[in-house]
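Here are the chains, one letter per residue:
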Amino acid sequence: MKNITVLGAGVMGHGAAQLFAQAGKNVRMRARRESSLEKARELMTNSLKIMVEKEILTEEDMKQALSRITYTTDLHEAIQDADFVFESIPEDLDKKLETYEIIESNVSDKTVISSNTSTFPLNELTQQAKHPERFIITHFFNPPQLVPIVEIVKVGGTNENVVNTTYDLMKEIGKSPVVLKKEITGFIVNRVQVAMLREAFHLMEEGVATAEDIDIAMKGSLGFKWGFCGPMESQDLAGLQTTKAMVGNIMQELSNTREVPSFLKEMVENDQHGIRTNKGFYEYDDNGEKAIHTRDDHFLDLLKLLQQK
Ligand SMILES: NC(=O)c1ccc[n+]([C@@H]2O[C@H](COP(=O)([O-])OP(=O)(O)OC[C@H]3O[C@@H](n4cnc5c(N)ncnc54)[C@H](O)[C@@H]3O)[C@@H](O)[C@H]2O)c1
């Protein structure tokens with residue numbers, strides 16, 4: 001797996017391209033507009049510069065990584081000789097299917113085609129594929145160049161070699177991949193996240209805590225622990241008798257709503273989208289630039305710590 005094609009130069013595409021390049025791969029990045037490629041190149045350069053400042057990479061590593069990335073607006077050129085195609089275009093099924101049709105007609109049968117989809121089942125993505133067995137989902141998290149997990153999703157028809165090669169590639173670029181035993185909507189992390197958010201929203205609606213209180217409570221507890229000690233490990237350390245009692249006493253009191261809370265719907269209707277509109281659970285005056293910078297600065301410190309362990 002030497003030649004990697006990244007399709008889509010947005011939030012996820014540029015971060016993934018950077019990772020592949022850092023790991024020594026030849027990366028071809030494709031977007032429809034020159035301006036998107038320019039923006040991606042700028043974002044990757046900035047991200048690599050910060051890694052140099054934090055002594056995660058050397059100046060030479062950065063130069064080498066940037067020199068391994070080539071840019072094109074031509075899809076055919078982008079996929080030429082690709083060993084692994086990483087599709088990260090918008091979450092629109094028709095656009096993805098259209099793109100796969102072109103990819104499949106122009107690459108070798110050995111090329112692995114992966115999607116970063118957050119929501120589409122693999123069988124839907126491969127409904128028109130000539131070789132569905134070489135398609136796979138590699139679901140990264142934002143910012144992909146920093147967050148370690150990649151959820152790998154296969155179906156019954158996926159070639160096991162494709163699964164193994166993809167797993168090895170994710171390890172090679174420094175990720176912590178997990179292969180799901182079977183496909184399920186939301187995969188692992190977003191299911192657990194939504195279960196937690198349902199309860200957090202419930203606590204807000206019941207007037208138990210504000211959004212800020214919830215952030216303080218979670219950052220100072222599960223957030224603090226989970227980077228090094230996952231929820232299951234934590235239970236072993238606490239003692240499973242305690243876990244049994246806690247789960248038994250609290251589970252029946254939890255929210256089991258299947259509805260999106262009305263306050264959240266209202267926020268979105270009133271243009272409170274978070275940093276994009278400078279207002280969400282918090283207020284911003286710079287489209288979240290400072291918040292993103294602070295977040296990435298902390299994430300890099302954590303990444304460095306994790307890499308040293
Ligand atoms: N943003 C996240 O947090 C996140 C996390 C995990 C997975 N994902 C998934 O990753 C994929 C990309 O998401 P994103 O947030 O990077 O999106 P984005 O909108 O930031 O970027 C998409 C890129 O694709 C380009 N594009 C648009 N239409 C295209 C087309 N027809 N052909 C080729 N390129 C096209 C856009 O110009 C842009 O460069 C989606 O499938 C999304 O569900 C997103």
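Residues numbered from 1 in each chain as written. Predicted model: local features only at pLDDT ≥ 70, side-chain atom pairs only at ≥ 80, totals over all residues. Heavy atoms only, no water.

## Description of the overall build of the protein
Phase 1 of the analysis: Check the secondary structure of the protein and you find 14 helices and eight strands.
Phase 2 of the analysis: Taken over C-alpha atoms, the radius of gyration comes to 21 Å for the protein, in line with the 19 Å a tight globule of 309 residues would show.
Phase 3 of the analysis: Summarising its shape, the C-alpha atoms of the protein cover approximately 55 × 45 × 45 Å along the three principal directions.
Phase 4 of the analysis: A burial count over the protein gives 38% of its 309 residues as buried.
Phase 5 of the analysis: For the protein, the share of sequence-separated contacts (at least 6 apart) that also reach a separation of at least 24 residues comes to 65%. (Helix = DSSP H or I, 4+ residues; strand = E, 2+ residues; numbered from the N terminus. Rg over C-alpha atoms; globule rule 2.2 N^0.38 Å. Buried < 20%, exposed > 50% of the residue type's maximum accessible area, 1.4 Å probe, protein only. Contact = heavy atoms within 4.5 Å.)

## Focus: unusual backbone geometry
Phase 1 of the analysis: A cis geometry characterises the amide bond from N142 onward to P143, with omega recorded as -5 degrees.
Phase 2 of the analysis: Summarising the element assignment, P143 is placed in the loop between β6 (135–140) and β7 (149–153).
Phase 3 of the analysis: Even without being glycine, D81 reaches a positive phi, approximately 60 degrees.
Phase 4 of the analysis: Tracing the sequence through the fold places D81 in the loop between α4 (75–79) and β4 (84–87).
Phase 5 of the analysis: Relative accessible area serves as the criterion here: at 58%, D81 is assigned to the exposed category.
Phase 6 of the analysis: Phi is positive for F187, which is not a glycine, with a value near 55 degrees.
Phase 7 of the analysis: Along the chain, F187 turns up in the loop between β8 (176–179) and α8 (189–205).

## Describing the site of the ligand
Phase 1 of the analysis: Among the 19 residues in the neighbourhood of the ligand, the closest are listed as V11, M12, E91, K96 and N116.
Phase 2 of the analysis: V11 is positioned with one of its backbone polar atoms (N or O) 3.0 Å from an oxygen atom of the ligand.
Phase 3 of the analysis: The separation between a nitrogen atom of the ligand and a polar side-chain atom of R32 is 3.3 Å.
Phase 4 of the analysis: For the ligand, whose free accessible area comes to 830 Å², the fraction covered by protein is 78%.
Phase 5 of the analysis: Split into classes, the residues belonging to the shell around the ligand amount to six nonpolar, eight polar and five charged. (Near = heavy atom within 4 Å. Polar contact = N/O pair within 3.5 Å; in protein donor to acceptor, adjacent residues only side chain to side chain. Areas by Shrake-Rupley, 256 points an atom, 1.4 Å probe, with all protein chains shown as cover. Nonpolar A, V, L, I, M, F, W, Y, C, P; charged D, E, K, R; others polar.)

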